[in-house]
Amino acid sequence: MPELGRGPRIVGFLCDFAVDASALTAPDGTMRQLPNVTLIKVPCSGFVRPSWLEFALRNGAEGTFVCGCPLGDCFNRLGNNLIGDRVVQLRRRFERQKIHPDRIATIYFGLHDQEGFLGAVKAFSDHVAQLPGPVVPPPRPAPTRPAAGARPPAGTAAQPAPAPEPSSESGQTAQGES
Amino acid sequence: MYSRALTRLLDWTLRLDVAINRVYPEDFNPLYYTGGLSNLFLTVLVLSGIFLFLYYIPSFNDAYISVQFITNQVPYGQIVRGVHRYAADGFMIAVLLHFFRNWFTDRFQFSRDEPWISGMMLLLFTGFLGVTGYVLVWDERSQLLVAMTGRTLGAVPWIGGYLQSQWLGSAGVSNLLLPRMLYLHVGLAVLLYILLWWHYVRIRHPKVWPPAVWTLFSLGLIFLLTGLVPAASQPPARPDAVPSSLAVDWLFLLPYVALKVLSPLVLLALAVVITVYGLYIPYQLPETPAALGIRDSGIAQVIDANCTGCELCYYDCPYNAIVMVPSPHPGVTKAAQARKLYAIVLESRCVECGICVGACPFEALELPRLLESDVQQKVVQACRS
Amino acid sequence: MTDRETRYGTWVAILAVVSFVAVVAIAVGEFTGQRLVGGAAVGVVLLAYSFILLFLRKGGFTGV
């Protein structure tokens, strides 16, 4: 839920070898100049599972991004290209699920490019702020067929290990269309 | 003190990147493709070298004449000779850029040491290739190089005389010299490819070609230089006297310039020290990430119950640290029960980057000290703040 | 045409003319037997092409 005057809630994954954001970040992980953005440090941009980006959107974030090293200069050689490809695929999946694909993004900035990083995150935050509608579409209503056992609403999800479901203030059920 | 100096060098290197990325789009930045540039020049060298090899005669009387024949009589011979000459310089420059960049950006740590070691040997043998190449022309410079090398080898205590006679092929300079030099030149080129196999063994999808912009630029520069400053021989070698001045190619012949001020033994000792130090670079810093004070997530672990043998982690691991083996037993989840293959992480190659974790759609890989649940907890916390 | 396109587009056009002249120089060098001229001209063509590719990208005509 956007809080007025603060901008949309954004969660960013930042890899250890990309831009050095230590001067831009408060101890709790929020960015000083953009308090609606929280950064989570990961060992490589390629470490990020696409399911975590979806998890963030279903748990209160309005936008998430991954920041890796400049394309061609990943410290681990392939990570930024791989997360780029995975996010492209995830955006297409989101379109089918009626989640706006612009809510996720990949950006690439090197160690000393704090200005570029700040500018890109600000632009992303502003863009997400004016995206329409709920972050994830509301779950489908349960079918009204009378049955002996109650059916779980909104279909079953075929995940081998179900993600933990924290109580969320926004009141969305975590298992939507997956 | 060393790690502070390294940090400073990393700093300058990456600030240089910011400047270059203002001029060139990121995927055209040449410093990201130094390995590919080296391979480009090596390919040009091998192709032009085969052409030259077809006409070269390794004997005292005929070597110089055969090179002149290539230059003046063979169609396009002068161009191929010039291409070979300038591609060699380009190769050395690209290799040195590759060396310094990978050194200054810490890309040799922990499990990335083998490309470094093989790379040091590649650098060393590249130097030898350049010297033998200059000797093959058998002009005044060649004669001087042979004499200086012989003297330097002869200065080694105890085995100096033996080394010198091995270099020359007999007690003094004789007709056995040039075939030996040709053998060293071509043989070392083959050895380079063997070392390159070792160089690539721990690397998936090695970037062996630079972007088109730089391929065109490098080839264009080589041809332009060939036309503007044609490669030419010095006056032919004289059997009676040894010339005293050397026309220097700084990229390959720097040690010979150093012989003007250093004694041969000192030069050799310096060369050994530098080489040994270079080989020691990956092992100079503490052994473990924890000791270095950087993130220590642990070697990637395969979750047996979930692995379906889909091979996505195998294809994505940048260091070839994951191998697929026939599944020893079925997994637990429905999809894992039907698996034919099973992923195994080679601990000696894993750098704990976690790219395999991001690749796996079945939650069958984790970094022990940075689990999916840890990440999700951080996300939830971030969404609450 | 944006300003960026005009600027880089002009350079691409100039380089295209330069490479055409160089191709003519290759032919001339070949016919007069001065192969070094031909070789240098090949170098000019390749260099010009590399910059054409770069300017096409920077002008926004190609690429991401």
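The structure displayed is predicted, hence computed values, not measured ones. (Residues numbered from 1 in each chain as written. Chains lettered and ligands numbered in written order. Predicted model: local features only at pLDDT ≥ 70, side-chain atom pairs only at ≥ 80, totals over all residues.)

Enquirer: Kindly report on the overall build of chain C, identifying the contributing residues and their values.
Expert: Counting its regular elements, chain C contains 2 helices and 0 strands. For chain C, whose C-alpha radius of gyration is 14 Å, the value lies well above the compact-globule estimate of 11 Å for 64 residues. When the backbone C-alpha atoms are referred to their principal axes, chain C occupies close to 45 × 20 × 10 Å. Split into buried and exposed, the 64 residues of chain C put 33% on the buried side. A separation threshold of at least 6 residues defines the contact pool for chain C, and within that pool the share at least 24 residues apart is 57%. (Helix = DSSP H or I, 4+ residues; strand = E, 2+ residues; numbered from the N terminus. Rg over C-alpha atoms; globule rule 2.2 N^0.38 Å. Buried ≥ 20, exposed ≤ 12 C-beta atoms within 10 Å, placed from the backbone. Contact = placed C-beta atoms within 7 Å.)

Enquirer: So what's going on with the domain arrangement of chain B? Residues and values would help.
Expert: Residues and elements named next belong to chain B. What the domain assignment reports for chain B is domain 1 (2-284) and domain 2 (301-384). Averaged C-alpha coordinates put domain 1 and domain 2 at centres separated by 43 Å. Counting from both sides, the interface comprises 6 residues of domain 1 and, opposite them, 8 residues of domain 2. Among the residues forming the side of domain 1 that touches domain 2, the class breakdown is 2 nonpolar, 1 polar and 3 charged. (Domains from an automatic or database assignment. Nonpolar A, V, L, I, M, F, W, Y, C, P; charged D, E, K, R; others polar.)

Enquirer: Run through the pairing of strand β1 (residues 10-15) of chain A, naming residues and quoting values.
Expert: Residues and elements named next belong to chain A. Within β1, 6 of the 6 residues are buried, which leaves the element mostly enclosed by the surrounding structure. A two-sided burial pattern is seen for β1, the buried positions comprising Ile10, Gly12 and Leu14 on one face and Val11, Phe13 and Cys15 on the other. In this structure, β1 lies alongside strand β2 (residues 37-42), joined through 6 bridges in parallel fashion. Residue leucine 14 lies in a different strand from β2, and its bridge partner there is lysine 41. Note that β1 and strand β3 (residues 63-68) share 5 bridges and pair parallel. Bridge pairing links phenylalanine 13 to valine 66 in β3. (Pairing = 2+ DSSP bridges.)

Enquirer: Can you lay out the interface of chain A and chain B for me, pointing to particular residues and giving the numbers?
Expert: The partner chain B presents 38 residues to the 41 residues of chain A that form the contact. Counting residues per element, the ones that place at least two in the side of chain A that touches chain B are β2, α1 (50-58) and α2 (79-97) of chain A. If one sorts the elements of the side of chain A that touches chain B by residue count, α2 of chain A sits on top with 4 residues. For the side of chain A that touches chain B, the per-class residue count stands at 22 nonpolar, 11 polar and 8 charged.

Enquirer: For the arrangement of the chains, give the residues involved together with the corresponding values.
Expert: Once contacts are tallied for each of the 2 pairs of chains in contact, the highest total is for chains A and B. Spatially, chain A is disjoint from chain C: no contact exists, and the shortest C-alpha separation is 12 Å.

Enquirer: Tell me what's going on with the confidence of the model for chain C, and back it up with residues and numbers.
Expert: Within chain C, residue pLDDT values average 91, and 97% of them lie at 70 or more. With pTM at 0.88, the complex prediction returns an ipTM value of 0.94. (pLDDT = per-residue confidence, 0-100.)

Enquirer: Outline the interface of chain C and chain B, listing residues and values.
Expert: Across the contact, 17 residues belong to chain C and 19 residues belong to chain B. For the side of chain C that touches chain B, the per-class residue count stands at 10 nonpolar, 4 polar and 3 charged.

Enquirer: Which residues make up the sheet that holds β2 of chain A, and what values go with them?
Expert: Taken together, 4 strands build an open sheet; the order of strands is β2-β1-β3-β4 (chain A) and the sheet is parallel. Because the sheet does not close on itself, it has two edges, and the strands there are β2 and β4 (104-108) of chain A. Strand-to-strand, the axes of this sheet are offset by a mean angle of 20°, without reference to chain direction. Across 5 bridges, β3 of chain A lies against β4 of chain A in parallel orientation. Directly across from cysteine 67 of chain A, in β4 of chain A, lies its bridge partner isoleucine 107 of chain A. Where helix α3 (residues 114-129) of chain A meets the sheet, its contacts fall on β1, β2, β3 and β4 of chain A, and the angle it forms with β3 of chain A comes to roughly 160°. Here helix α16 (residues 372-384) of chain B sits on the sheet in contact with β1 and β2 of chain A, set at roughly 165° to β2 of chain A. (Axes fitted to C-alpha atoms, helices over the stretch in contact; angles between N-to-C directions.)

Enquirer: How would you sum up unusual backbone geometry? Please name residues and give values.
Expert: Working note: non-glycine residues mostly have negative phi, and peptide bonds are mostly trans. All names here are of chain B. Unusually for a residue other than glycine, aspartate 106 sits at a positive phi of about 60°. One can find aspartate 106 in the loop between α4 (77-104) and α5 (113-136). Taking the C-beta count within 10 Å as the criterion, aspartate 106 has 20 such neighbours and is therefore assigned buried. A positive phi angle is found at tryptophan 158, which is not glycine, with a value near 70°.

Enquirer: Can you tell me about the environment of valine 276 of chain B, naming the residues and giving the values?
Expert: Residue and element names in this part refer to chain B. Here valine 276 is to be found in helix α11 (residues 264-284). For valine 276, a count of 10 C-beta atoms within 10 Å corresponds to the exposed category. In sequence terms valine 276 and glycine 354 are 78 residues apart; their C-alpha atoms lie 33 Å from each other.

Enquirer: Just give me the short version of helix α3 (residues 63-72) of chain B, but keep the residues and values in it.
Expert: Residues and elements named next belong to chain B. Regarding α3, the residues found buried are Ala63, Tyr64, Ser66, Val67 and Ile70. Buried residues in α3, looked at end-on, bunch into an arc of 165°, giving them a common side. In the core, the buried residues of α3 are packed alongside α2 (34-53), α4, α5 and α8 (177-200). (Arc of directions from axis to C-beta.)

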